[in-house]
Structure formats: C-alpha cells, structure tokens
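Residues per chain, in single letters:
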Amino acid sequence: MDRRRKIIGYLVALMAALAQLPAAYAPATAAAPGPRAVRATVFKGRGFDTCEAPPLTTLRAWGSSQYRAVGVYFGGRARACTRQRYLSYDWLTGARDLGWKVLPLFVGSQSPCVKAANKRGFTIGSFPEDQGEDEGDEAVRKASALGIAQGSAIYLDMEAYDIKDDNCAGTTLAFVQSWSDTVYRRGYVPGFYSSAESGVRHMELARRAGADSLPEIMWFARWKVSPSTDKERSLSTGAWQPHRRIHQYAGDVSETHGGRKLTIDRNLIDAPVAVIE
C-alpha cells in the first residue's frame, strides 16, 4: 500500500509539474530527451573541472583564460576530494559575480562493475531504486544548502563500468533512473557524466530500447580527440540535443593563468548550468 501511494503521489506531482512547463520545454522521451526544469540556464563555451574547488583568487586570475565555467564536486560518498576548503555559498556567489558558470557534480554510489579500484568501496547495493532515490534527495539537499537553486543542472558522476555485464548494467541503470527522477521531481535538471564508451553508451542504448527516466544531459569523457559536442560516436545525432551535451576532451593537464597553476580536465559545454541565488 505504501508503494502504491508513493506511485500515485509521483504521478500527481509529475502532472502538476508538466502543467507548469512553457511550450518551449517538452518532457523527456526515449526519442528526444530535453530539459524539463522551467528555469534551466544554458551555457555555451569552454570550462574546466578540478578535484577541489580553487580559491576565488585563482578564479579571478583565470579570468584571462579561455574558460568561463568550472565544475565543482559538491557531494556524494564516492567523491575523491571530500575536503573542499573553499566551496561554500560565499564561494559560489563570488564565482558568479566574477562571471563564472558552475557545473555541480555529485559523485554518488558507483556501478557494481566499476573499473576504477578506488571506487569499488562505494558500489550500488541490492536495492538500486531506493538507493537512487535517497542519493537524489541527498544531492538536492546539499545543492540547495549551497545556494544552488531549483532549475539548476546537477550532474551524477558515474565512473567507467562494464556495460557488457547485464546484471551490473541493469542495476546501474535502475539507480541512474531513480536518481534522475528524484532530482527532477525536486525541481532540478538531472545530468550524467561518464566515459563515452561506458556509461554514456549505456544510456544511449537504453534510450534506443525505449527506457524512460533517463538523465536530461550527457557529459561524456573522450580524450585525445578534437572538442565537439555534436560528433560523439556513442550518441545518435539527434539524441540529447539541443543544448544538452558536454564533451570532456582532455584530462589531468596543468595550466597556468595569471600566475596561478591548476591541474584540470578540459570541457566544451553546450548545456544547462547552476542557478546561483
């Protein structure tokens, strides 16, 4: 009975949310996923992500660079840099005032067949739907506490895994769908980061198979190729278009701007970012 009430409550909330969307926004479908949050703000340009959010003095110095967006790892139990000395509401508003756009990354539970050894202690358990819902709620709570408002994109970081392992892939997909649904119901735009040949290919195969509740944005890692949001071979030409893709085209590179050095991953962005209030 509790599950039945939960499903009915979800359907009521979904219909109410759809009724509020302007004509320019269509709900996600297997054929053409699209951003469902009314206030989604799209950024087009270059950005970087780095394990620990840098101090605002570094962002100010990097104003001379080609980058105008920064990815920040704000939560999740599998996050590598758990100590974020600078990340706070003041940091986010300061970054906004300096002209930076923010890409919030949540590194939650990882696939049971994750390839990275350092992520194997954080795998999805036996109840992926429940776990996805719990961690979706956690992502929204932590984002909101930092001043990341409704309408913001939140990106689930799922490191590379073996998509040919059917049981593992099924568990992972169930978690991602539940996480995405929860983030959407709370008024945010669910995004997804993974390897182009792993998680992103898996989401594309799920889309072709007619799966629903998929993430609204694909952030794919494919290094050592020319940056492009349109030419990713793991995605169909019209999938997650328009303005719903990020290409991470290089990683673990060092750059210095304004006398400040950082080790970063490089990204080309055409996708929703955070709304900082």
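Residues numbered from 1 in each chain as written. Predicted model: local features only at pLDDT ≥ 70, side-chain atom pairs only at ≥ 80, totals over all residues. Heavy atoms only, no water.

1. Side note on the pattern of salt bridges
Then, in step 1: Scanning all chains against the criterion turns up 13 salt bridges.
Then, in step 2: For aspartate 97, the salt bridge goes to arginine 96, with nearest N and O atoms at 3.0 Å.
Then, in step 3: Aspartate 97 sits in the exposed class, given a relative accessible area of 58%.
Then, in step 4: Put simply, arginine 186 and aspartate 137 hold a salt bridge, and the shortest N to O gap is 2.9 Å. With arginine 186 in the loop between helix H5 (166-185) and strand S5 (189-195) and aspartate 137 in helix H4 (residues 128-145), this residue pair connects regions lying 49 residues apart in the sequence.
Then, in step 5: Residue class for arginine 186 comes out partly exposed when judged on its relative accessible area of 33%.
Then, in step 6: Via salt bridges that share partners, Glu197, Arg201, Arg222, Glu232 and Arg233 belong to a single interconnected network. (Salt bridge = Lys/Arg side-chain N within 4 Å of Asp/Glu carboxyl O. Buried < 20%, exposed > 50% of the residue type's maximum accessible area, 1.4 Å probe, protein only. Helix = DSSP H or I, 4+ residues; strand = E, 2+ residues; numbered from the N terminus.)

2. Points about the pairing of strand S8 (residues 260-273)
Then, in step 1: Most of S8 is tucked away: 10 of the 14 residues are buried.
Then, in step 2: As defined by bridge partners, strand S1 (residues 41-49) adjoins S8 across nine bridges and the pair is classed as antiparallel. The partner of glycine 45 across the bridge, within S8, is isoleucine 269.
Then, in step 3: When strand S7 (residues 245-257) meets S8, the two strands line up antiparallel, connected through 10 bridges. Within S8, the position partnered with valine 253 by the bridge is isoleucine 264.
Then, in step 4: The hairpin formed by S7 and S8 contains two residues between the paired strands, and glycine 258 there has a positive phi angle of roughly 60°. (Pairing = 2+ DSSP bridges.)

3. Notes on the environment of glutamate 277
Then, in step 1: Within the secondary structure, glutamate 277 is located in the segment after S8.
Then, in step 2: Taking the C-alpha atoms as reference, glutamate 277 lies 6.3 Å from alanine 149; in sequence the two are 128 residues apart.

4. A few points about the side chain of serine 178
Then, in step 1: Its location among the elements puts serine 178 in helix H5.
Then, in step 2: What makes serine 178 buried here is its relative accessible area of 14%.
Then, in step 3: With near-sequence residues (within four places) excluded, serine 178 lies in contact with Pro128, Glu129, Gly132 and Glu133. (Contact = heavy atoms within 4.5 Å.)

5. Things to note about the state of the cysteines
Then, in step 1: Inspection of the entire model under this criterion finds two disulfides.
Then, in step 2: Across the disulfide from cysteine 51 sits cysteine 81; the S-S distance is 1.9 Å. Note on the cysteine 51 and cysteine 81 pair: the S-S dihedral is about 115°, so by sign convention the disulfide is right-handed. One end of the pair, cysteine 51, is in the loop between S1 and helix H2 (56-61); the other, cysteine 81, is in the loop between strand S2 (67-75) and helix H3 (89-97), with 30 residues separating them in the sequence.
Then, in step 3: Here cysteine 81 falls in the partly exposed class, since its relative accessible area comes to 21%.
Then, in step 4: A disulfide bridge connects cysteine 113 with cysteine 168, and the sulfur atoms are separated by 1.9 Å. What sets the handedness of the cysteine 113 and cysteine 168 disulfide is the S-S torsion sign, and at about -90° it is left-handed. Separated by 55 residues along the polypeptide, cysteine 113 in the loop between strand S3 (101-106) and H4 and cysteine 168 in helix H5 bring together distant segments of the chain. Of the two residues examined, cysteine 113 and cysteine 168, each falls in the buried class. (Disulfide = S-S within 2.5 Å.)

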